[in-house]
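Here is how the chains run, residue by residue.
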Amino acid sequence: MNISRNLRVLVVVPTLGRRLQTLEQTLHSLRTQPDIEVDIVLVVPFASDSLQTIASSFRAKLVVEKGHLSASINRGFGEAGPDNSYLAWIGDDDMIPEGALARSVAQLEKNADAPLCFGDCAYVDRAGRAMFTRRPPLLASWLIQFIPGLIKSETCVFRRTAVISVGGLNEDLRFAMDLDLILRLRALGRLARCPAVQGVFCWHPGSITVSNREDSFAEAQLVQLRLTQGFPRYASLLVQPLLKRLFLALSHCVDRRHAGMSA
């Protein structure tokens, strides 16, 4: 893949330091990315000896932020240097597939007006067994104003200048900060897409998304109403109750599948 060596991606990994084994897997998936230079920022509420050791092992910068997730990601983004043209973040139990960052950067280099690039997301259980792959529909960047979750943040690489121009993540949000950011970035230009698995999400009861799914979905719908105008806003008001029931039903189906795989 022909990418300038001057291009660097800064990836923020916010963690409470409670899942050290999966954190190491996450960091390994970043440190072994080919064809692109990756700077890792590990954001923690407390710099324990274990976290300092892990950060050193993976050549990650360790910074302390006692705020919640949105504040932690913004704090990490603030560590970007002039060579970090692109930004991303990922949870401490998720992973980036080999080559994904270089693919995203290549798309963003070809599409100079695109504020971000997204792709498919593979779901695995805690043992790393494949569950399913979520492939955003063709019109995902338009449909996301009605249907949250179509574009997964684990698959996204953001243009740094675009993130700065919209003020970063909304720190008033606890669950839907990714949707809020993507919707605000849509106003800057057409979103780029990689037709490949660009992120791996670990589905387990301790995940913020899974354990707080009702609150997360409710916050996402409030974000959609706040950032959508005209006909799309009225359409959202009409379909939101149905979408919420459908979302929760599908989530419970995944829970049962996960329980069956773990048995």
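So, how was this worked out
Residues numbered from 1 in each chain as written. Predicted model: local features only at pLDDT ≥ 70, side-chain atom pairs only at ≥ 80, totals over all residues. Heavy atoms only, no water. Salt bridge = Lys/Arg side-chain N within 4 Å of Asp/Glu carboxyl O. Pairing = 2+ DSSP bridges. Helix = DSSP H or I, 4+ residues; strand = E, 2+ residues; numbered from the N terminus. Right-handed = clockwise from strand over helix to strand, strands pointing away. Patch = residues over 30% accessible without salt bridge, like charges linked within 9 Å, V, L, I, M, F, W, Y side chains within 5 Å. Areas by Shrake-Rupley, 256 points an atom, 1.4 Å probe, with all protein chains shown as cover. Core = buried A, V, L, I, M, F, W, Y, C linked by side-chain atoms within 4.5 Å. Buried < 20%, exposed > 50% of the residue type's maximum accessible area, 1.4 Å probe, protein only. Contact = heavy atoms within 4.5 Å. Phe/Tyr/Trp six-rings, centres within 6.5 Å; stacked < 30°, edge-to-face > 60°. Lys NZ or Arg CZ within 6 Å of the ring centre and 35° of its normal. Arc of directions from axis to C-beta. Polar contact = N/O pair within 3.5 Å; in protein donor to acceptor, adjacent residues only side chain to side chain. Axes fitted to C-alpha atoms, helices over the stretch in contact; angles between N-to-C directions. Parallel < 35°, antiparallel > 145°, perpendicular 65-115°, else oblique. Left-handed = near helix turned anticlockwise from the far one by under 90°.

Asks: Any chance you could explain the pattern of salt bridges here in plain terms?
Replies: Enumeration according to the criterion identifies 11 salt bridges in this entry. Three or more residues joined by partner-sharing salt bridges are found here, namely Arg8, Glu37 and Asp39.

Asks: Just checking my understanding: could you explain the pairing of strand β3 (residues 60–64) for this structure?
Replies: For a regular strand, side-chain orientation follows a simple rule: the groups alternate between the two sheet faces. Taken together, the five bridges between strand β2 (residues 37–44) and β3 define a ladder with parallel strand orientation. Each residue of the ladder has a partner; that of Val41, found in β3, is Lys61. With helix α2 (residues 49–57) bridging β2 and the parallel β3, this β-α-β connection has right-handed handedness.

Asks: In this structure, what is going on with a nonpolar patch on the surface? I would like to understand it.
Replies: On the surface, Leu138, Leu139 and Trp142 cluster together into a nonpolar patch covering about 370 Å² of accessible area. Locating Trp142 in the fold gives a position in helix α5 (residues 140–143).

Asks: Help me understand the nonpolar core in this model?
Replies: A general tendency of soluble globular proteins is for nonpolar side chains to be buried together. Ranked by internal contacts, the top residues of the largest apolar core, which has 32 residues, are Phe77, Trp89, Leu116, Ile151, Phe158 and Ile182. Elements supplying a minimum of two residues to this core: β1 (8–14), β2, α3 (69–77), β4 (84–89), β5 (116–124), α6 (160–165), α7 (177–186) and α9 (213–227). Examining the composition of this core, we find that six residues originate from one element, α7, more than from any other. The contact partners of Ile151, leaving out residues within four places of it in the chain, are Phe118, Ala140, Ser141, Ile144, Cys156, Ile182 and Leu191. Within the second largest apolar cluster, 31 residues are counted, among which are Leu30, Leu42, Ala88 and Ala192.

Asks: Help me understand the packing of aromatic side chains in this model?
Replies: What describes a pair of aromatic rings is the distance from one ring centre to the other and the angle between the planes of the rings. Taken as a whole and judged by the stated rule, the model has seven aromatic pairs. On the basis of an interplanar angle of 55 degrees and a centroid distance of 5.1 Å, the ring pair of Tyr123 and Phe201 is categorised as tilted. With Tyr123 in strand β5 and Phe201 in strand β8 (residues 192–202), this residue pair connects regions lying 78 residues apart in the sequence. Comparing Tyr123 with Phe201 shows no difference in burial state: the two are buried. Ring centres of Phe201 and Trp203 lie 6.4 Å apart, and the angle between their planes is 75 degrees; on these two criteria the pair is classed as edge-to-face. An aromatic cluster is defined as three or more aromatic residues linked by ring pairs; in this entry it consists of Tyr123, Phe132, Phe201 and Trp203. For the cation-ring pair, Lys152 lies above Phe201, with the distance from its terminal atom to the ring centre recorded as 4.5 Å.

Asks: When you look at α2 in this model, what are you seeing that I'm missing?
Replies: An α-helical turn contains 3.6 residues, so any two residues separated by three or four positions project in the same direction. Inspection of α2 places Leu51, Ile54 and Ala55 among the buried residues, and these make up the whole buried set. Around the axis of α2, the buried residues are gathered within 100 degrees of arc, so they sit on the same side. Projecting away from the buried face of α2 at angles above 90 degrees are the exposed residues Asp49, Ser56 and Ser57. Those residues of α2 hidden inside the fold are in contact with α1 (20–31), β2 and β3. Taken from the residues just after α2, Arg59 is the one with a positive phi, measuring 50 degrees.

Asks: Got a minute to help me understand the pairing of β1 in this structure?
Replies: Among the seven residues that make up β1, six are buried, leaving the element largely enclosed by the rest of the structure. Alignment of β1 against β2, held across seven bridges, turns out to be parallel. By the bridge assignment, Val9 is partnered in β2 with Val38. For the crossover that starts at β1, traverses α1 and ends in the parallel β2, the hand is right-handed.

Asks: Which parts of the structure should I look at to understand the side chain of Thr15?
Replies: Relative to the assigned elements, Thr15 resides in the loop between β1 and α1. Note on Thr15: relative accessible area 6%, which makes it buried. At a separation of 2.7 Å, a polar atom in the side chain of Thr15 contacts the side chain of Asp92. The residues contacting Thr15, other than those within four sequence positions of it, are Leu23, Leu42, Val43, Val44, Pro45, Leu51 and Asp92.

Asks: Which parts of the structure should I look at to understand the packing of α1 against α2?
Replies: Packed helix pairs are characterised by how far apart their axes lie and by the angle those axes make with each other. With their axes 11 Å apart at the nearest point, α1 and α2 run at an angle of 20 degrees to one another. Looking at the two axes, α1 sits roughly parallel to α2. Every pair of crossing elements has a handedness; the one defined by α1 and α2 is right-handed. Facing Leu20, Leu23, Glu24 and Leu27 of α1, the residues of α2 in contact are Ser50, Leu51 and Ile54.

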